[in-house]
Amino acid sequence: MNNILRLTARCLQSGHHRASQSHAWARLMCSTAGIQKNLEEMVKKDKVVVFMKGTPAQPLCGFSNAVVQILRMHGVDAYASYNVLDDQDIRQGIKTFSNWPTIPQVFFNGEFVGGCDILLQMHQSGDLVEELQKLGIRSALLDKEKES
Amino acid sequence: MLPTANNCLRRFSQTLTTCRPLMNHRPHMDPSAIRPIETTVRTKLTQALSPEHLEVINESHMHAVPPGSESHFRVVVVSPRFEGLSLLQRHRLVNDALKEELSSCIHALAIQAKTPQQWSSDPKLGKSPPCMGGSKHDHSMADKLQTGRDSIKN
């Protein structure tokens, strides 16, 4: 991060005729690096983090909604969700951060898990219950099994 | 933008009809010319993963995009290359093969990535969830759809 700033400063000093180009480049570099750093903090701040279109109360995409529904089925209601439609920087940034081209994106303990397809398959195979357990979250489906 | 695209498509299909001699009075259209993205997806996944079974389904009609779009796809890839790989690793292989399309014209890609054994024990095509209209309010969709239409013109 410091190297980027030093390089930026040197570029800015290097020539008046290139000033406007360097300035735009510096702004871009600073904001891109800044966003990546923010995202790193965002995915680590909560046990379960979802980048989606819309909100859990009002998803705006079928695939994002599927993620919300699956988590709800397992009784996971307390998670951080970020609406990428509200912020184009986050929308693009998270794709770069995870090296994953689509939304939704799910993180467990700061680690990228996958999108809707992967979460669905984990749910169907029973792996999701196990992964939630590792996070210290007891899936509601375990209690449902006990009842029946 | 849409009337222009429709005009382009109409001119294109008219050109195809007049250029070829009408032997049986039915215009012979090359499928890859009218579904270029689907063709590219098929080609790239075949080259990258040598699948034993491959399905490429255009699901754009299920979403809030104009008819004839090639923006939303579902793929089923059955390949021995997936042996021993986690779901994430498998999906990343598929994403990497389609990196160019995913950064330009493909907006959504549903993936089923199975080994031959997994597929033979459960050969079921997954079903995409119903659209909730997200693309309608999505400004970046216009660019992606235009990229798709440009590839038809070219």
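Residues numbered from 1 in each chain as written. Chains lettered and ligands numbered in written order. Predicted model: local features only at pLDDT ≥ 70, side-chain atom pairs only at ≥ 80, totals over all residues. Heavy atoms only, no water.

Looking at an unreviewed UniProt entry, chain B carries the name BolA-like protein 1, with the source organism given as Danionella cerebrum. Per its UniProt entry, chain B bears the Subunit (unreviewed entry) comment "Interacts with GLRX5." Recorded under Sequence similarities (unreviewed entry), the UniProt text for chain B is reproduced unchanged: "Belongs to the BolA/IbaG family." (UniProt positions renumbered as here; feature names shortened; annotations may be inferred.)

Labelled according to an unreviewed UniProt entry, chain A appears under the name Glutaredoxin-related protein 5, mitochondrial, originating from Danionella cerebrum.

J.: Describe the overall build of chain A, and please don't skip the residues or the numbers.
T.: Per the secondary structure count, chain A includes seven helices and four strands. For chain A, the N- to C-terminal ordering of α and β elements is α-α-β-α-β-α-β-β-α-α-α. Buried positions account for 43% of the 148 residues belonging to chain A. Residue pairs in contact within chain A that sit at least 24 positions apart in sequence constitute 59% of those at least 6 positions apart. Carbon and sulfur atoms make up 51% of the accessible area of chain A, which amounts to about 8,200 Å² in all. (Helix = DSSP H or I, 4+ residues; strand = E, 2+ residues; numbered from the N terminus. Buried < 20%, exposed > 50% of the residue type's maximum accessible area, 1.4 Å probe, protein only. Contact = heavy atoms within 4.5 Å. Areas by Shrake-Rupley, 256 points an atom, 1.4 Å probe, with all protein chains shown as cover.)

J.: Which residues make up the interface of chain A and chain B, and what values go with them?
T.: Interfaces are often sized by the amount of accessible area the parts lose when they come together. Across the contact, 21 residues belong to chain A and 21 residues belong to chain B. In total, about 1,800 Å² of surface goes out of reach between chain A and chain B, with carbon and sulfur atoms giving 59% of it. Per-residue buried area on chain A facing chain B is highest for A:Phe63, A:Asp117 and A:Gln121; these three make up 28% of the total on that side. One can count zero salt bridges joining chain A with chain B. (Buried area = accessible area lost by both parts, 1.4 Å probe. Salt bridge = Lys/Arg side-chain N within 4 Å of Asp/Glu carboxyl O.)

J.: Account for the domain arrangement of chain A, naming residues and giving values.
T.: All names here are of chain A. Annotation of chain A at the domain level lists domain 1 (1-44) and domain 2 (46-147). On the domain 2 side, the residues contacting the seven residues of domain 1 number 13 residues. Summing both partners gives a buried area of about 870 Å² for domain 1 against domain 2, and 73% of it is carried by carbon and sulfur. When the buried area of domain 1 at its contact with domain 2 is split by residue, Leu39, Met42 and Val43 rank highest and sum to 62% of it. Our enumeration of links across domain 1 and domain 2 arrives at zero salt bridges. Counting every contact that joins domain 1 to domain 2 gives three residue pairs in polar contact (both at pLDDT 80 or more). Taken together, the residues of the side of domain 1 that touches domain 2 sort by class into four nonpolar, one polar and two charged. (Domains from an automatic or database assignment. Polar contact = N/O pair within 3.5 Å; in protein donor to acceptor, adjacent residues only side chain to side chain. Nonpolar A, V, L, I, M, F, W, Y, C, P; charged D, E, K, R; others polar.)

J.: Would you mind going over the packing of aromatic side chains in detail, with residue names and values included?
T.: Residues and elements named next belong to chain A. In this structure the tally under the stated criterion is five aromatic pairs over all chains. When the ring of Phe97 is compared with that of Phe107, the centres are 6.2 Å apart and the planes differ by 50°; the resulting orientation is tilted. One end of the pair, Phe97, is in helix H4 (residues 88-98); the other, Phe107, is in strand E3 (residues 105-108), and 10 residues separate them in sequence. In this structure Phe97 comes out as partly exposed when scored by relative accessible area, which is 27%. (Phe/Tyr/Trp six-rings, centres within 6.5 Å; stacked < 30°, edge-to-face > 60°.)

J.: Give a detailed account of the packing of helix H3 (residues 62-73) of chain A against helix H5 (residues 116-125) of chain A, specifying residues and quantitative values.
T.: Residue and element names in this part refer to chain A. Running from N to C, H3 and H5 cross one another at 30°; their axes reach a closest spacing of 9 Å. Viewed along their axes, H3 and H5 adopt a mutual orientation that is roughly parallel. Here the hand of the crossing between H3 and H5 comes out left-handed. Seen from H3, the contacting residues are Phe63, Ala66, Val67, Ile70, Leu71 and Met73; seen from H5, they are Cys116, Leu119, Leu120 and His123. The residue inventory of the contact of H3 with H5, partitioned by class, reads nine nonpolar, one polar and no charged. (Axes fitted to C-alpha atoms, helices over the stretch in contact; angles between N-to-C directions. Parallel < 35°, antiparallel > 145°, perpendicular 65-115°, else oblique. Left-handed = near helix turned anticlockwise from the far one by under 90°.)

J.: How would you sum up the packing of H5(A) against helix H4 (residues 87-97) of chain B? Please name residues and give values.
T.: The angle between the axes and the distance between the axes are what describe a pair of packed helices. Here H5(A) crosses H4(B) at 150°, and the two axes come no closer than 10 Å. Comparing their axes, H4(B) and H5(A) come out roughly antiparallel. For the element pair H5(A) and H4(B), the recorded crossing hand is right-handed. When H5(A) is examined against H4(B), the residues A:Asp117, A:Ile118, A:Gln121 and A:Met122 are found in contact with a partner set consisting of B:Leu87, B:Leu88 and B:His91. Classifying every residue of the contact of H5(A) with H4(B) by side-chain character gives four nonpolar, two polar and one charged.

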